[in-house]
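Chain by chain, the residues:
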Amino acid sequence: MNTATEERTPDTVVGQLVDELAGSLGVLLVALGTRAGLWKELAGAGPMTAAELADRTGVAEPLVREWCRAQAAGGYLTYQPEDGTFMLPDGVAGALLRGPGLAMVDACTDMFRSMGAGFDEFAAAFAAGRGFGWHRHDALFWHGSDALTRVALPPELIGAALDQLGSVTATLATGGSVLDVGAGYGTPTLAVAEHFPAARVLGIDYHEASVAHARATAADAGMADRVRFEVGTATDLPGADYTLVTFFDSLHDLGDPVGALVQARAALAPDGAVMLVEPLAADRVEDNLTPSGRMFYAVSTLICTPNAVSQTAGTGGPAPLGTQAGEALLRETAAAAGFTRVRRLPVEAPLNLVLELRP
């Protein structure tokens, strides 16, 4: 349980706010280091002064000096006062350059830039309880979101999950059909099609600009003959007898998650299944009061839940799930939609949990 609010004083709260501002600005500095080539030059180079790093990158020495000092204060670089050198530790380099760190930060930076530019409009909608639909963001935001999806749901993770679906896996290996609900730019949709070359795949999304982008991506990948993208809603699914219906981090974005799963169940072939991928979360709020939980609650407040509310405001419909729904609530939602068998798939997914739903 989070006890951070216990025995607080004004001074400690102000100190926390300073930490918040430092972290927020630090994200921009990390992204700046990527775009200026600073991280790349630091990797494996050993200790160097700001002047040496400036010579390698062509960035003015005073700018590099302040950037390095900020990264040392943030713990990403080590500083040696004896000779004024900075060094990128191997563990940090592994997370940033060989792991997902820099790609994740760069994607989120694009989203932050977009959200900052449109914050007044968002705040007005939030205060009025109207929500804020995906279509009200801009292309910078959509591209950043897709880049973040590529980090959180790489093809190998999607493939590992698809291989756990038993008879569904066997059917799709030789044919069958897949419907991906809330496909966005189509990155996971195309990963499914790549994994099952014999299957027919349809991705739907209510957002026309995302659908157009996904179609172009499929064409560029040479997959347009067997992968289609159409404008559609989760509560009015096209077609029937699908071997597999997928929701990749999209159910919590929907205004009527139970209705969407009812539709998915009705669209399945007799031996079909739904694969539900959602952010990893504990079932109890108090167990999500962690740094990662805080991040996902922020994402939920700023992006996902406003999109869901925009679909239901004034209708008296069901409450959106929120980004940190947790496995128990997801199982309850599946049961309310008529699914009688729910299985958590044993895949390594640091940021997600994956459920198989069957009628």
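Structure: above.
All figures in this text were calculated on a predicted structure; none of them were measured in a lab.

**Q** Sorry if this is basic, but what is going on with the nonpolar core here?
**A** Nonpolar side chains in soluble globular proteins generally cluster together in the buried interior. Core analysis: the biggest nonpolar cluster contains 32 residues, and Leu-162, Phe-229, Leu-244 and Met-275 have the highest contact counts within it. For this core, the elements supplying multiple residues, two or more each, are helix H9 (155-162), helix H10 (167-174), helix H11 (187-195), helix H12 (208-220), strand E5 (227-231), strand E6 (242-248) and strand E7 (268-279). When sequence neighbours within four positions are dropped, the list of residues in contact with Phe-229 reads Ala-183, Gly-186, Thr-189, Leu-190, Leu-202, Gly-203, Val-211, Ala-214, Arg-215 and Ala-218. Counting residues in hydrophobic clusters, the runner-up holds 28 residues, among them Leu-179, Leu-261, Ala-264 and Leu-357.

**Q** Please explain the packing of helix H1 (residues 10-35) against helix H4 (residues 61-73) as it appears in this structure.
**A** Geometry of a packed helix pair, given as the angle between the helix axes and the separation of the axes. Look at H1 against H4: their axes get within 11 Å of each other, and the N-to-C directions meet at 130 degrees. Classified by the interaxial angle, the pair formed by H1 and H4 is oblique. Read as a crossing pair, H1 and H4 show a hand that is left-handed. The residues of H4 that touch H1, namely those facing Leu-29, Val-30 and Gly-33, are Trp-67, Ala-70 and Gln-71. Of the residues assigned to the contact of H1 with H4, the class counts are four nonpolar, two polar and no charged.

**Q** It is not clear to me how the packing of aromatic side chains should be interpreted in this structure. Could you clarify?
**A** How two aromatic rings sit relative to each other is set out by the distance from centre to centre and by the angle between their planes. For the structure on display, the rule yields seven aromatic pairs. Centre to centre, the rings of Phe-122 and Phe-126 are 5.9 Å apart; their planes meet at 40 degrees, and the pair counts as tilted. With Phe-122 and Phe-126 both in helix H7 (residues 119-128), this residue pair falls four residues apart, about one helical turn. Classification of Phe-122 as buried rests on a relative accessible area of 8%. By way of ring pairs, the aromatic residues Phe-119, Phe-122, Phe-126 and Phe-132 are connected into one cluster.

Conventions used here
Within every chain, residues take consecutive numbers counted from 1 along the sequence as written. Given that the model is predicted, a residue must reach a pLDDT of at least 70 before its local features are reported, and side-chain atom pairs must reach 80 or more before they are shown or counted; all residues, however, enter totals for whole chains, interfaces and linings. Hydrogens and water molecules were not included; the side-chain quantities draw on all heavy atoms of the structure. Throughout this description, the term nonpolar core refers to a set of buried Ala, Val, Leu, Ile, Met, Phe, Trp, Tyr and Cys residues connected via side-chain atoms within 4.5 Å. Only protein chains enter the area calculation, which uses a 1.4 Å probe; residues under 20% of their type maximum are buried, those over 50% are exposed, and those in between are partly exposed. The way it works is that DSSP assigns letters per residue, a run of H or I at least four long becomes a helix, a run of E at least two long becomes a strand, and they are numbered from the N terminus. Any pair of residues with heavy atoms lying within 4.5 Å of one another is described as a contacting pair. Fitted lines through C-alpha atoms serve as axes, helices being fitted only where they are in contact, and the angles separating the N-to-C directions of these axes extend from 0 to 180 degrees. Orientation categories follow fixed angle ranges, with anything under 35 degrees roughly parallel, anything over 145 roughly antiparallel, 65 to 115 roughly perpendicular, and all other angles oblique. In a left-handed crossing the near helix is turned counterclockwise from the far helix by less than a right angle, and in a right-handed crossing that turn is clockwise. Residue polarity is assigned by list, with Asp, Glu, Lys and Arg as charged and Ala, Val, Leu, Ile, Met, Phe, Trp, Tyr, Cys and Pro as nonpolar; anything else, Gly included, falls into the polar class. Centres within 6.5 Å are what make two rings of Phe, Tyr or Trp a pair, Trp counting through its six-membered ring; a difference in plane orientation under 30 degrees is then read as stacked, over 60 as edge-to-face, and the rest as tilted.

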